[in-house]
Amino acid sequence: MYYLYKRDNKFFFLSILSVILTIISIVLTIIFLFERKKKQEEKELDDYLENSIQ
């Protein structure tokens, strides 16, 4: 019984670690996508302004 308890404890730790890593990856993905969208909008604005000057 003690062995099963230790084993469950190890799996519990691994599951918590997995959840934390998943949340971190989701947050980083969201940040990356927002930065990418921001850069794309800036590029479109620059292109628009450059074309309007000509």
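I will try to describe carefully the structure that is included in this document. (Residues numbered from 1 in each chain as written. Predicted model: local features only at pLDDT ≥ 70, side-chain atom pairs only at ≥ 80, totals over all residues. Heavy atoms only, no water.)

**Quick notes on the overall build of the protein chain**
1) Next: Of the regular secondary structure elements, the protein chain holds one helix and zero strands.
2) Next: Buried positions account for 0% of the 54 residues belonging to the protein chain.
3) Next: As displayed, the protein chain has an accessible area near 5,600 Å², and 67% of this comes from carbon and sulfur atoms. (Helix = DSSP H or I, 4+ residues; strand = E, 2+ residues; numbered from the N terminus. Buried < 20%, exposed > 50% of the residue type's maximum accessible area, 1.4 Å probe, protein only. Areas by Shrake-Rupley, 256 points an atom, 1.4 Å probe, with all protein chains shown as cover.)

**Comments concerning the pattern of salt bridges**
Note on pairing: side chains with opposite charge can pair once their charged atoms come close.
1) Next: For the coordinates displayed, the defined rule picks out one salt bridge.
2) Next: Residue Asp47 is joined to Lys43 by a salt bridge in which the shortest nitrogen-to-oxygen separation is 3.2 Å. Taken together, the residues span about one helical turn, with Asp47 and Lys43 both in helix α1 (residues 2-53) at a distance of four residues.
3) Next: Judged by its relative accessible area of 53%, Lys43 falls in the exposed class. (Salt bridge = Lys/Arg side-chain N within 4 Å of Asp/Glu carboxyl O.)

**What to know about the environment of Ser52**
1) Next: By the secondary structure assignment, Ser52 is in helix α1.
2) Next: The class for Ser52 is partly exposed, based on a relative accessible area of 46%.
3) Next: Only 2.8 Å separates the side chain of Ser52 from the backbone oxygen of Leu49, close enough to count as a polar contact. (Polar contact = N/O pair within 3.5 Å; in protein donor to acceptor, adjacent residues only side chain to side chain.)

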